[in-house]
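# Reading the structure
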Amino acid sequence: MKSPLVTCAWLENHLNDPHIRIVELRGKVLPPTEPLPHYFTDRAGYEETHIPNAVFVDWQVDIVEPGSPSNDVASPDRFAALMGELGISSETTVVVYDNAASMFACRLRWVLRYYGHENVFILDGGWDKWRVEGRPVSAEIPQFNKANFKPRVNSALKAAADDILGGIHTRTMQVIDVRSPAEFAGTASRAQQGGHIPNAISLPRKIMVADDMTLKSPEALRECFAERGVALDADETVIYCNSGVSASYGMLALEVVGANNLRLYDGSWKEWGNDPRTPKETGA
């Protein structure tokens, strides 16, 4: 299996490769116990300095469908137009990074893969590791010729609420919640109701991240998953968070250790927790 990660050293050696587009998604998320707003994009930080030749994507606006209460993935036409403007064609190699331990970067990687573009990689350690290692930066905003991106929906990567309702009480679907322990228990929530999807496994995203903001080693991840009761050979694994961002990082981690049949619940808890018809559980 080809790794979905690239190192800072590899990227520095390919900064001027015309077949590669580097994409930054900088921002932050505040805990649900903080006053609103919780989500922020840092375009100003990008404009001040970034990895040379990197273009910027707003993780809150550019890759979501306008008006979606749970920040659902952008429509095929909307996403294709964005990629075309950034000079990303269906043949372009894409390397994505952020300053949030790859959480936003993984979301864009999932969206690209959902629209049939598999040639996309995460810069392991992202902006933080790049700066710590003293690698080159730039304030120049690159301009690229428009490209033709053809979206081809891969429905196998996306789960809906109805899919989960039909599978959570079977032995074939494994559901993983990568939110914080407080959100899983229901003592904090970004939706009207707190708690978690029945039978879900709590696997907080932060326990998959190493101290240097890289993804933990495959060996450490396997140990972590085993301790939590995560089956790597499940017939189907659905990962969720609040709006499908952190969950994409969980999907990456599971992919790295060889798990298959992974799907992301795009609506996640912002949809599930705001729907009075869906069952919920509280407690650890």
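Structure's up top.
To start, this report covers the structure provided alongside it. Per chain, residue numbering runs from 1 following the sequence as it is written. A pLDDT threshold of at least 70 governs which residues receive local features in this predicted model, and a stricter bar of 80 or more applies before side-chain atom pairs are shown or counted, although totals over entire chains, interfaces and linings include all residues. As a convention, hydrogens and water are excluded, and side-chain values are obtained from all of the structure's heavy atoms.

### A look at the overall build of the chain
Helix and strand definitions here come from DSSP, where helices need a minimum of 4 consecutive H or I residues and strands a minimum of 2 consecutive E residues; each element is numbered from the N-terminal end. Across its full length, the chain carries 10 helices and 12 strands. Each radius of gyration is computed over the set of C-alpha atoms, and the globule rule expresses the reference value as 2.2 Å times the number of residues to the power 0.38. Against the 2.2 N^0.38 benchmark of 19 Å for 284 residues, the chain shows a C-alpha radius of gyration of 18 Å, consistent with a compact globule. Between buried and exposed lies partly exposed: a residue is buried under 20% and exposed over 50% of the maximum accessible area for its type, with that area taken using a 1.4 Å probe on protein chains only. In the chain, which comprises 284 residues, the proportion classed as buried is 55%. Summarising the internal contacts of the chain: among those between residues at least 6 apart in sequence, 76% fall at separations of at least 24. In the form shown here, the chain has an accessible surface area of approximately 12500 Å², with 49% of it arising from carbon and sulfur atoms. Positive and negative side-chain charges in the chain, numbering 28 and 37 respectively, have mean positions lying 1 Å apart. We call two residues contacting when some pair of their heavy atoms lies within 4.5 Å. For accessible areas, the Shrake-Rupley method is used with a probe of radius 1.4 Å. Any residue's cover is judged against the shown protein chains and nothing else. Neither His nor the chain ends is counted toward charge; the positive residues are Lys and Arg and the negative residues Asp and Glu. We put the charge of a Lys on NZ, of an Arg on CZ, of an Asp on CG and of a Glu on CD.

### Overview of the packing of aromatic side chains
One pair of aromatic rings is described through two measures. These are the centre distance and the angle between the planes. Note on ring pairs: Phe, Tyr and Trp rings are taken, using the six-membered ring of Trp, and paired if centres are within 6.5 Å. Classes follow the plane angle, with under 30 degrees stacked, over 60 edge-to-face and the rest tilted. Enumeration over the complete set of coordinates arrives at 10 aromatic pairs. With 5.5 Å between their ring centres and 70 degrees between their planes, Tyr39 and Trp59 make a pair best called edge-to-face. Residue Tyr39 is found in strand β4 (residues 39–41), and its partner Trp59 is found in the loop between β5 (54–56) and α3 (76–85); the two are separated by 20 residues along the sequence. Exposure remark for Tyr39: the relative accessible area of 15% places this residue in the buried category. An aromatic cluster of three or more residues is present, and its members are Phe79, Trp110, Tyr114, Tyr115 and Phe149. Lysine NZ or arginine CZ positioned within 6 Å of the ring centre and within 35 degrees of the ring normal marks a charge as sitting over the ring. Between Arg21 and the ring centre of Phe144, over which it is positioned, the NZ or CZ distance is 3.7 Å. Residue placement shows Arg26 over the ring face of Trp127; its charged tip is 4.5 Å from the ring centre.

### Focus on the sheet that holds strand β8 (residues 158–159)
Pairing between two strands is assigned when DSSP locates at least 2 bridges connecting them. Spatial strand order, β8-β12-β11-β9-β10: five strands in an open sheet with parallel pairing. Bordering the open sheet on either side are β8 and β10 (201–202), each of which pairs with just one other strand. Alignment of β8 against strand β12 (residues 262–265), held across two bridges, turns out to be parallel. Its bridge partner lying in β12, Lys158 is registered against Leu264. Only the stretch in contact is used when a helix axis is fitted, and all axes are lines through C-alpha atoms; the angle between N-to-C directions ranges over 0 to 180 degrees. Taken strand by strand, helix α9 (residues 246–256) contacts β9 (173–177), β11 (236–240) and β12, and its axis lies near 175 degrees from that of β12.

### Considering the environment of Glu91
With respect to the secondary-structure elements, Glu91 resides in the loop between α3 and β6 (93–97). Spatially, the C-alpha atoms of Glu91 and His196 are 39 Å apart, while their sequence positions differ by 105 residues. Beyond its immediate stretch of four places on either side in the chain, Glu91 contacts His117 and Asn119.

### Looking at the environment of Gly195
With respect to the element layout, Gly195 can be found in the loop between α7 (181–185) and β10. Residue classification places Gly195 among the buried residues on the basis of a relative accessible area of 0%. For the pair formed by Gly195 and Lys280, sequence separation is 85 residues and the distance between their alpha carbons is 6.0 Å. Leave out the neighbours within four places in its chain, and Gly195 touches Arg179, Glu183, Phe184, Ala185, Gly186, Trp269, Glu281 and Thr282.

### Details of the packing of helix α8 (residues 218–228) against α9
Where α8 meets α9, the axes come as close as 9 Å, and the angle between the chain directions of the two elements is 110 degrees. It follows from the interaxial angle that α8 and α9 lie roughly perpendicular. Note on element contacts: α9 touches α8 through Ala253, Leu254 and Val256, opposite Pro218, Leu221 and Phe225. Here the nonpolar group is Ala, Val, Leu, Ile, Met, Phe, Trp, Tyr, Cys and Pro; Asp, Glu, Lys and Arg are the charged ones; every other residue, Gly included, is treated as polar. Residues belonging to the contact of α8 with α9 are distributed by class as follows: six nonpolar, no polar and no charged. Relative orientations are named as follows: roughly parallel for angles under 35 degrees, roughly antiparallel for angles over 145 degrees, roughly perpendicular for angles from 65 to 115 degrees, and oblique for any other angle.

### What to know about the pattern of salt bridges
The working definition used for a salt bridge is a side-chain nitrogen of Lys or Arg within 4 Å of a carboxyl oxygen of Asp or Glu. Scanning the entire structure with this criterion turns up 15 salt bridges. For Arg190, the salt bridge identified is with Glu183, shortest N-O distance 3.5 Å. By relative accessible area, Arg190 is classed as buried at 18%. We classify Glu183 as buried; its relative accessible area is 4%. Notably, a salt bridge pairs Arg263 with Glu236, separated by 2.7 Å at the nearest N-O pair. Here Arg263, found in strand β12, pairs with Glu236, found in strand β11; they are 27 residues apart in sequence, far enough to count as distant. An identical accessibility class is assigned to Arg263 and Glu236; each is buried. Residues joined in a network through salt bridges with shared partners are Glu12, Lys129, Glu133, Arg135 and Asp212.

### Thoughts on the side chain of Ser138
Among the structural elements, Ser138 can be located in the loop between α5 (126–132) and β8. We call two N or O atoms a polar contact when they sit within 3.5 Å, provided that within protein one can donate a hydrogen and the other can accept it, with sequence-adjacent residues counted only if both atoms are side-chain atoms. A distance of 3.0 Å separates a polar atom in the side chain of Ser138 from the backbone nitrogen of Glu140.

### What to know about the sheet that holds β6
Taken together, the five strands give an open sheet; going across it, the order is β1-β7-β6-β2-β5, and neighbouring strands pair in parallel fashion. If you trace the sheet from one side to the other, it starts and ends with β1 (5–6) and β5, each paired once. Relative to strand β7 (residues 120–123), β1 runs parallel, the two being bridged by two bridges. Paired with Val6 across the bridge in β7 is Leu123.

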